[in-house]
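Fold and contact review
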Amino acid sequence: MPSTIQRSYRIRIYPNADQRAVLNRWFGTARWAWNHALERRSKAYRRRGESVSGVDVSRAITALKKTTRYNWLTEVPAGVIVQKLRDQDRAFTNFFSGRASYPRFRKRSSAQSVRVQIDQRQHRALSRWANEDVFVPGLGAMRWRNGAHPAQAPKMVTIRRDAAGRYFVTAMVEEAPAKRPAPTNKSVGIDLGLKSLAVLSTGEVLANPRHLRAKERRLRRAQRALSRKRRGSGRWHRTRRSVARLHARVADTRANHLHQLTRRLVDENQVIAVEDLSVKGLARTRLAKSVHDAGWGEFGRQLAYKAEWAGRQLVAIDRFAPSTRQCSGCGHVRAAVPLSTRRWQCPECGAEHDRDINAAVNIERIALEQLPGGTGEVKRVESGRPRGEAA
Ligand SMILES: [Zn+2]
């Protein structure tokens, strides 16, 4: 157990009109810097096959600031531009290594973000955070709710306005781990379902809550309504805003539900076993939409960091282990169980199986065998990294 851990915070904020105006300038400048840099880099790359580094662009922008035409660039904290160019560096690194597509130009209408450093020598900022303010130099303290507040000031915050017009502050803070729950001897296997969210080895089916499904239905209706409107018309714009708002509400509800679920799984169990699903591999199949909708990646991420805090063990079993095809009663392995088969009977011992519960039981057993004292090597799931800014 490390003495400190990196914990990520996401806080919904409500900047006032003045703060929104300042943020608008910051967003606009960051967007300009991103697009300006992207254009320079793209041109150099297309024409001469050259690569222009973020440092080169940063130098060029510093020179621009001294010109009358561009001196408005000095009206925002210098870090705003520097961080944006760093984001772009990372975006290019990801592109060149094949992890991401070519960086795109940023539009005024999409989500906006800036990163701002908080000087740890600035006593005022630190004491404001200690008093449960969300304080950003240049903006002051902002009204906030929704989300845990860190006990001390973060070194850097990301301020984001999503497409629905909501504002968030996110930050990573190094802190002592929260008090662990008492150890238990319980374990659980989780089969991530397509029909339900997940099925546990205890036989419990975790479904998406009804209020989430209702919100999703409303979202689908609004999306259909949007597709019927003439693109660019007044009605279209209004509907588009309401689609964005509904989208945000669905995402919030889903995230809250996942938090409750993962918290409970971690509280109740010492060992939590999941399949090591390569979501990227699945993303090319017809299951892609279900995978995306069910938020599997987020489920795993939350389980991983909560398990680490709580001193629990999250074990990911090899996704090629025959968790679905094997009878959890006698160990007989079948050739295959088609996706459409929900229930099956073991030809060896005659046991009747629900496809998902049987898989969850196997996942739990395989994981326990892998633990020290078991037969194999433990494969720990990498602890949850924060979702970095989508650069
Ligand atoms: Zn059997």
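Scroll up for the structure.
All of the points below concern the structure found in this document. (Residues numbered from 1 in each chain as written. Predicted model: local features only at pLDDT ≥ 70, side-chain atom pairs only at ≥ 80, totals over all residues. Heavy atoms only, no water.)

**Description of the packing of helix α5 (residues 210-228) against helix α6 (residues 234-268)**
The geometry of α5 relative to α6 is characterised by a closest axis approach of 9 Å and an angle of 160° between their N-to-C directions. Relative to α6, the element α5 lies roughly antiparallel. Pair α5 / α6 crosses with left-handed handedness. Side by side, α5 and α6 meet where H211, L212, K215, E216, R218, L219, A222, Q223, A225 and L226 of the first sit next to W236, T239, R240, V243, L246, H247, R249, V250, T253 and R254 of the second. (Axes fitted to C-alpha atoms, helices over the stretch in contact; angles between N-to-C directions. Helix = DSSP H or I, 4+ residues; strand = E, 2+ residues; numbered from the N terminus. Parallel < 35°, antiparallel > 145°, perpendicular 65-115°, else oblique. Left-handed = near helix turned anticlockwise from the far one by under 90°. Contact = heavy atoms within 4.5 Å.)

**Re the pairing of strand β5 (residues 156-161)**
Pairing of strand β2 (residues 112-117) with β5, which is carried by six bridges, proceeds in the antiparallel orientation. What sits directly across from R115, in β5, is T158. Across five bridges, β5 lies against strand β6 (residues 167-175) in antiparallel orientation. The residue bridging V157 from the neighbouring strand is A171, located in β6. Hairpin connection between β5 and β6: a loop of five residues separates the two successive antiparallel strands, and G165 in this loop has a positive phi of roughly 85°. (Pairing = 2+ DSSP bridges.)

**Comments concerning the sheet that holds strand β3 (residues 134-136)**
Strand pairing in a sheet relies on backbone hydrogen bonds, with the paired strands running either antiparallel or parallel. Taking strand neighbours across the sheet as the criterion, the six strands line up as β2-β5-β6-β1-β4-β3 in an open arrangement whose pairing is antiparallel. Among the strands making up the open sheet, the edge pair consists of β2 and β3. Neighbour-to-neighbour, the strand axes of this sheet turn through a mean angle of 35°, independent of strand direction. Taken together, the nine bridges between strand β1 (residues 5-14) and β6 define a ladder with antiparallel strand orientation. Pairing of R7 across the sheet is with V173, part of β6. Against the sheet, helix α3 (residues 78-96) touches β2 and β5, its axis set at about 115° to β2.

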